[in-house]
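These are the residues of each chain, in order.
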Amino acid sequence: MLKKFVDPLPTMKAIRPTSHIQNVPFYEVNMQETFQKLHRDLPPTKVWGYNGLYPGPTFHVQRHQLVHVLWKNELPEHHFLPVDTTVHGAEKNNPEVRTVVHLHGGVTPDTSDGYPEAWFTRNFQKVGPHFTNKLYTYPNHQPATNLWYHDHAMGITRLNIYAGLAGMYIIHDQEEKRLNLPCGPYDIPLIIQDRSFHKDGRLFYPSEPDKPETAPHPSVVPDFFGDTILVNGKVWPYMNVEPRRYRFRILNGSNSRFYRLTLSNGTPFIQIGTDQGLLETPIRVPSLILAPAERADVIIDFSTCVGESIVLQNDFERKGEKPDPETTGSVMQFRIVNSLSCQDKSSIPTHLASVPKLTQYQQNRTLRLNMRKDSYGRNIHLLDDRLWSEPVSETPKLGQTEIWTLINETQDIHPIHLHLVRFQILDRQPFDRDVFEKEGRLIPAGPRVLPDLNERGWKDTVRANPGEITRIIIPFGPYPGLFVWHCHILEHEDYEMMRPYLVIKYRKKGEQ
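Because the structure is predicted, anything quoted here is derived from the model rather than measured.

Asker: Got a sec to walk through the pattern of salt bridges? Specific residues and values, please.
Answerer: Under the defined criterion, the tally for this structure stands at 33 salt bridges. Across the pair aspartate 41 and arginine 40 runs a salt bridge whose closest N-O atoms are separated by 3.0 Å. Taking relative accessible area as the criterion, aspartate 41 reaches 43% and is therefore assigned partly exposed. What makes arginine 40 partly exposed here is its relative accessible area of 43%. The salt bridge involving lysine 459 is made with aspartate 275; its shortest N-O contact spans 3.2 Å. Of the two residues, lysine 459 is situated in the loop between helix 3 (433–439) and strand 28 (461–464) and aspartate 275 in the loop between strand 17 (269–274) and strand 18 (277–285); the sequence distance between them amounts to 184 residues. Across this residue pair, the class does not change: lysine 459 and aspartate 275 are buried. Connected via shared salt-bridge partners are Asp275, Glu294, Arg428, Glu455, Lys459 and Arg463.

As structure tokens, this is what we get:
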């Protein structure tokens, strides 16, 4: 087993614009294969990185500052991870290595959203059926928040992200700046992911599930759980911190793994933000649950912990099993040094941002999260019992607000993500599975439960628990066009748990 806490936490590099085009920052980002040392005792590991870095460089942009990004694929023609050609989008007649970048949580026009079928190969030699333009435009008209960018190519997203194609994208604004939160070297993004390795340092990713035996080879697996935890691309790193307040922008960038994070000395997290920006007020939480793709913006106060070593732990129970504290139960270590390099002048305000509560809506859609077997006997997870290739069934109108009632009939928690929009969680409620399965009637089996205090901000990914109805309220806009919604367990998303949806422009009465 690899030794924990022997490598310092990497500081992720900030990306600078390559140039400016008519005062608009222009970035050129190359996806490249490289070798990177992920642990002191591992030989360098082959990874795919944006600008040859895993994780990719961090974007820091200002609200309302338009930016252009040219994403370039300079990867090899063949994948180094097992590609299942029975998965839709990854068939043998498609290029094996395809990429397209999605800015997760970004409010962007559909042509810059990273639609799964807008993929492109090396030097744009081949492109997918929905490819429109090489240059992406991000308007950044959203409040200060922590987004991330990652690959979204149809049928191989799980492999491309696992290979290393992910990075942070942070939007800053004046309102947040005025709050006097910890900043500069005391404001740190943390990307948490799990991986497994061969002895020679190569990434291990399973080539087929344990069952059914009838599965093709290689085959998509139902989910993936690595046996080591990486933060910012290092296995179980440590970080020397001063006895003061720090801000950590935490992202769960894992394929399937959920985390319930705690600090080993019982210090609480002070959560100030969620997926789509600041909460109304800071919330003290003893633990943080993060599903794949969820983010938490937290402050940790180390001022009373001089000389301590504190472990960031994970004790998320999966199907009754807790992670092993010696391996996936540990994330990283904080070592609190004795002295301050300068006085801590940061503060935690009582009010952070206003989050107007949404109540008015035009339509309520009921959507099932369900599953069935494929021709090989493998489980396919589905959204509303539809495959990706079926016609678009969700067509919200631009500028209207809808409630989506998600009914999770499966045994898994599904983190459901919608592109383009931000939403609020209304409530969750258990339902009678037996009646639903036998008669198709939805009978609640308990009261509606409001979301946790730290979920009452703007979200773009929601945990839909098994046997529960999860209700979210979504304003659709500001752009019309074709987008997607999907489960963010990457193995589910790649194998049919993703659907297109169309935001349609409509004319009000009397409009020409």
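Asker: Break down the side chain of aspartate 297 for me, citing the residues and quoting the values.
Answerer: As for its position among the elements, aspartate 297 is in strand 20 (residues 295–301). A polar side-chain atom of aspartate 297 sits 3.1 Å from a polar atom in the side chain of asparagine 146.

Asker: Quick rundown of the packing of aromatic side chains? Include the residues and the values.
Answerer: By the definition in use, this model includes 30 aromatic pairs. Summarising the aromatic geometry, the rings of tyrosine 115 and tryptophan 388 are spaced 5.7 Å apart at their centres and angled 45° between planes, so their arrangement reads as tilted. Pair noted here: tyrosine 115 is in the loop between strand 6 (101–104) and strand 7 (135–138) and tryptophan 388 is in the loop between strand 24 (379–383) and strand 25 (401–408), with a separation of 273 residues, a long-range link. Since its relative accessible area comes to 6%, tyrosine 115 is described here as buried. Looking at tryptophan 388, the relative accessible area reads 6%, which means it is buried. Each ring, one from phenylalanine 248 and one from phenylalanine 302, has its centre 6.4 Å from the other, and the planes form 80°; the classification is edge-to-face. In this pair, phenylalanine 248 sits in strand 15 (residues 245–252) while phenylalanine 302 sits in the loop between strand 20 and strand 21 (309–314), placing the two residues 54 residues apart along the sequence. The buried category is assigned to phenylalanine 302, whose relative accessible area is 1%. Taken together, the ring pairs in this structure connect Tyr27, Tyr50, Phe59, Trp71, Tyr136, Tyr138, Tyr149 and Tyr169 into an aromatic cluster.

Asker: Summarise the sheet that holds strand 27 (residues 424–430); cite the residues concerned and give the values.
Answerer: The strand order across the open sheet formed by 5 strands is 24-23-25-29-27, and the pairing between neighbours is mixed. For this open sheet the edge positions go to strand 24 and strand 27, each flanked by a neighbour on one side alone. Averaged over all neighbouring strand pairs, the angle between strand axes comes to 20°, with direction disregarded. Two elements, strand 25 and strand 29 (residues 468–475), share 7 bridges in a ladder whose sense is antiparallel. Across the sheet, threonine 401 pairs through a bridge with proline 475, a residue of strand 29.

Asker: Let's hear about the nonpolar core: which residues, and what values?
Answerer: In this structure, Trp71, Tyr169, Phe248, Leu261 and Phe334 are the most contacted members of the largest nonpolar core, which totals 97 residues. Beyond its immediate sequence surroundings of up to four residues, tryptophan 71 is in contact with Val29, Met31, Tyr50, Phe59, Val101, Phe120, Phe124, Lys134, Tyr136, Tyr138 and Tyr149. The next biggest cluster of nonpolar side chains, apart from the first, holds 29 residues, and it includes Val107, Ala291, Trp404 and Leu420.

Asker: Now, about the sheet that holds strand 4 (residues 59–62): what can you tell me, with residues and values included?
Answerer: Pairing within the open sheet is mixed, and its 4 strands lie in the order 4-9-8-6. In the strand order of this sheet, the two ends are held by strand 4 and strand 6, each with one partner. On average, adjacent strands in this sheet sit at an angle of 25° to one another, irrespective of strand direction. Direction of pairing for strand 4 relative to strand 9 (residues 166–172): parallel, over a ladder of 4 bridges. Residue histidine 60 lies in a different strand from strand 9, and its bridge partner there is isoleucine 170.

Asker: Describe in detail the pairing of strand 9, supporting the description with residues and values.
Answerer: Within strand 9, 7 of the 7 residues are buried, which leaves the element mostly enclosed by the surrounding structure. Of the two faces of strand 9, both are covered, the one formed by Ala166, Met168, Ile170 and His172 as well as the one formed by Gly167, Tyr169 and Ile171. Judged from the 6 bridges that link them, strand 8 (residues 145–151) and strand 9 form a sheet pairing that is antiparallel. Residue pairing in the sheet places leucine 147 in a bridge with tyrosine 169 of strand 9.

Rules behind the numbers
- Residues numbered from 1 in each chain as written.
- Predicted model: local features only at pLDDT ≥ 70, side-chain atom pairs only at ≥ 80, totals over all residues.
- Heavy atoms only, no water.
- Salt bridge = Lys/Arg side-chain N within 4 Å of Asp/Glu carboxyl O.
- Buried < 20%, exposed > 50% of the residue type's maximum accessible area, 1.4 Å probe, protein only.
- Helix = DSSP H or I, 4+ residues; strand = E, 2+ residues; numbered from the N terminus.
- Polar contact = N/O pair within 3.5 Å; in protein donor to acceptor, adjacent residues only side chain to side chain.
- Phe/Tyr/Trp six-rings, centres within 6.5 Å; stacked < 30°, edge-to-face > 60°.
- Pairing = 2+ DSSP bridges.
- Axes fitted to C-alpha atoms, helices over the stretch in contact; angles between N-to-C directions.
- Core = buried A, V, L, I, M, F, W, Y, C linked by side-chain atoms within 4.5 Å.
- Contact = heavy atoms within 4.5 Å.

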